[in-house]
Number of protein chains: 2
Amino acid sequence: MARAGRSANAADTSESRIGLLCVERGLKMTGQRRVIARVLSDAEDHPDVEELYRRASELDPRISVATVYRTVRLLEEKGILERRDFGGGRARYEASEHGRHYHLIDVETGKVTEFEDDEHEALMRRIAERLGFELVSMRLELFGRRLKEPDTSSAAKKAKRGKGSVK
Amino acid sequence: MARAGRSANAADTSESRIGLLCVERGLKMTGQRRVIARVLSDAEDHPDVEELYRRASELDPRISVATVYRTVRLLEEKGILERRDFGGGRARYEASEHGRHYHLIDVETGKVTEFEDDEHEALMRRIAERLGFELVSMRLELFGRRLKEPDTSSAAKKAKRGKGSVK
DNA sequence: CTAGTTGCAAAGGCTTTGCCTATAA
DNA sequence: TTATAGGCAAAGCCTTTGCAACTAG
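Residues numbered from 1 in each chain as written. Chains lettered and ligands numbered in written order. Predicted model: local features only at pLDDT ≥ 70, side-chain atom pairs only at ≥ 80, totals over all residues. Heavy atoms only, no water.

Novice: Now, about the overall build of chain A: what can you tell me, with residues and values included?
Specialist: Counting its regular elements, chain A contains five helices and five strands. Listing the helices and strands of chain A from first to last along the sequence gives α-α-α-α-β-β-β-β-α-β. Every one of the 167 residues in chain A was classed for burial, and the buried ones make up 46%. Sequence separation of at least 24 residues holds for 53% of the intrachain contacts in chain A that already meet a minimum separation of 6. Within the structure as shown, chain A displays about 9100 Å² of accessible surface, and the carbon and sulfur contribution to it stands at 49%. (Helix = DSSP H or I, 4+ residues; strand = E, 2+ residues; numbered from the N terminus. Buried < 20%, exposed > 50% of the residue type's maximum accessible area, 1.4 Å probe, protein only. Contact = heavy atoms within 4.5 Å. Areas by Shrake-Rupley, 256 points an atom, 1.4 Å probe, with all protein chains shown as cover.)

Novice: Any details on helix α2 (residues 31-42) of chain A? Residues and values, ideally.
Specialist: Every α-helix carries 3.6 residues per turn, so stepping three or four residues along brings you back to the same face. Residues and elements named next belong to chain A. The end-to-end C-alpha distance of α2 is 17 Å, a good match for the 16 Å that twelve residues give at a rise of 1.5 Å each. Of the residues making up α2, those classed as buried are V35, I36, A37, R38, V39, L40, S41 and D42. Buried residues along α2 sit against α1 (17-24), α3 (49-59), α4 (65-77) and β1 (81-84). (Expected span 1.5 Å × (residues − 1).)

Novice: Please give an account of the pattern of salt bridges that cites residues and values.
Specialist: All names here are of chain A. Enumeration according to the criterion identifies 38 salt bridges over all chains in this entry. Taking the shortest distance from any N to any O, the salt bridge between E50 and R90 comes out at 2.3 Å. One end of the pair, E50, is in helix α3; the other, R90, is in the loop between β1 and β2 (92-95), and 40 residues separate them in sequence. The partly exposed category is assigned to R90, whose relative accessible area is 41%. (Salt bridge = Lys/Arg side-chain N within 4 Å of Asp/Glu carboxyl O.)

Novice: Describe the interface of chain A and chain B, listing the residues and the values that go with them.
Specialist: With 40 residues of chain A at the contact, the number on the chain B side is 40 residues. Across the chain A/chain B interface, buried area totals approximately 3700 Å², and carbon plus sulfur atoms make up 62% of it. Contact with chain B buries area across many residues of chain A, yet A:R130, A:F133 and A:R139 alone supply 22% of it, more than any other trio. With a shortest N-O distance of 2.9 Å, A:E141 and B:R139 are connected by a salt bridge. (Buried area = accessible area lost by both parts, 1.4 Å probe.)

Novice: Describe the protein's contact with DNA strand D, with residues and values.
Specialist: Near DNA strand D, the surroundings consist of 20 residues, among which A:Q32, A:R62, A:T67, B:Y69 and B:R90 are the closest. Contact distances for DNA strand D include 2.2 Å between a phosphate oxygen and a side-chain N or O atom of A:T67. Separating a phosphate oxygen of DNA strand D from a backbone N or O atom of B:A91 is a distance of 3.0 Å. Take the surface near DNA strand D: its biggest share by element is four residues, from helix α4 (residues 65-77) of chain B. (Near = heavy atom within 4 Å. Polar contact = N/O pair within 3.5 Å; in protein donor to acceptor, adjacent residues only side chain to side chain.)

Novice: Outline the protein's contact with DNA strand C, listing residues and values.
Specialist: Around DNA strand C, a shell composed of 20 residues is seen, among which A:Y69, A:R90, B:R62, B:S64 and B:T67 lie nearest. Within 4 Å of the protein, the contacting atoms of DNA strand C are 69% sugar and phosphate, with bases supplying the remainder. Residue A:Y69 places a side-chain N or O atom 2.6 Å away from a phosphate oxygen belonging to DNA strand C. Between B:Q32 and DNA strand C, the recorded distance is 2.9 Å, taken from a side-chain N or O atom to a sugar or linking oxygen. By residue number, the principal contributor to the surface near DNA strand C is α4(A), which donates four residues.

Novice: Report on the relation of the copies chain A and chain B, specifying residues and quantitative values.
Specialist: Laying chain A over chain B is done by rotating through 180° and shifting 0.0 Å along the axis; what remains is an RMSD of 0.1 Å. Taken together, these values place the two copies in the relation of a two-fold axis. Relative to the rotation axis, the C-alpha of A:L140 is the closest in chain A, positioned 2.2 Å from it. Take the interface residues of chain A: 100% of them recur as interface residues in chain B, which is what a same-surface contact looks like. (Least-squares fit on C-alpha atoms with pLDDT ≥ 70 in both.)

Novice: Report on the nonpolar core, specifying residues and quantitative values.
Specialist: Among the nonpolar cores identified, the biggest contains 24 residues, and A:L142 and B:L142 are the most heavily contacted of them. Elements with a minimum of two residues in this core: β3 (102-106), α5 (118-130) and β5 (133-146) of chain A together with β3 (102-106), α5 (118-130) and β5 (133-146) of chain B. Contact partners of A:L142, with chain neighbours within four places excluded, come to A:H103, A:L104, A:I105, A:F115, B:M124, B:I127, B:A128, B:L135, B:S137 and B:M138. Within the second largest apolar cluster, 23 residues are counted, among which are A:A56, A:L59, A:V72 and A:L74. (Core = buried A, V, L, I, M, F, W, Y, C linked by side-chain atoms within 4.5 Å.)

Novice: How would you explain the packing of aromatic side chains if you had to name every residue and give the values?
Specialist: Residue and element names in this part refer to chain A. In this structure the tally under the stated criterion is two aromatic pairs over all chains. Between the aromatic rings of Y102 and F115, the centroid separation amounts to 5.8 Å while the plane-to-plane angle is 40°, which identifies the pairing as tilted. Of the two residues, Y102 is situated in strand β3 and F115 in strand β4 (residues 112-115); the sequence distance between them amounts to 13 residues. Like Y102, the residue F115 is buried in the burial classification. (Phe/Tyr/Trp six-rings, centres within 6.5 Å; stacked < 30°, edge-to-face > 60°.)

Structure, rendered in structure tokens:
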């Protein structure tokens, strides 16, 4: 539900950030596409298609799930969106512009915490190369259970402190 | 297709390694279960349900896919099998006894290369703890494209040399 | 004997698609 | 105007399930 952004007006014809990316790639900007682009731009979490559909329908009821499916697929092919699989059988999406980060999923609540680790990708790249491969992409997800005491003793040390955002 | 092991005789009533694990956990050993256990024991790759069904049917045609689905699910719950997702929408399985290792998937052929990295899990555990979580499990898959020159210069260095087995 | 297992086919959950209408450029 | 996109509902894929018959222990 946490959706920042300005006017969430269906009649708002101005482009969202993702809408702008679509225009850059020469995509035809239909009303539906604009709305979906806005929803994606405003999303601070990792919505699945059903949730995108729900949010988009709020802004403009003249949208079908099929269109949402077609749009996320298109945007993924264009490199604007990234598909995630956090378990549960449904694909979830986030904007590529959110940058490199990984996810830790709370096994009890399903909540997702993002974190960064600059060294990790380089390490995986080296491993792939040693095996004779050029690293194209990778998937890393941690599944964890919330600790009772929030580790008051030691401070952040090696990997950059994650944004800690639970989305 | 690469299946080692001895007699692949349907009438063979002796237990495979995974069959023994089933007995240990007190599972009722039906003919079908025994056959599926043998197929899993002999598998040196990461078969999906359809492939398991094909191999099992070869040993004993009186097996239905439903039983294969039910069996892999059961064995996964018992911790005997592990489910993998290498993309492509179907679950793939391997015996837990194969030990800790990760997978690199060739994006062009789909072939899977296994590798080890002892430090990786510990690193992830530390990251999870810093975020306030106890690491329950994780998922790591690399996707790569085969390099032309097989890196003749440098030898293995940091992470233990993977088994390099392409399965 | 009886709780647990299997086959079969139907049902489910997510995603894609065919077809015809609507529309951006 | 004309190639593209959208709506709707049907179809596809993988997986699960209801139910009656079967079987290991």
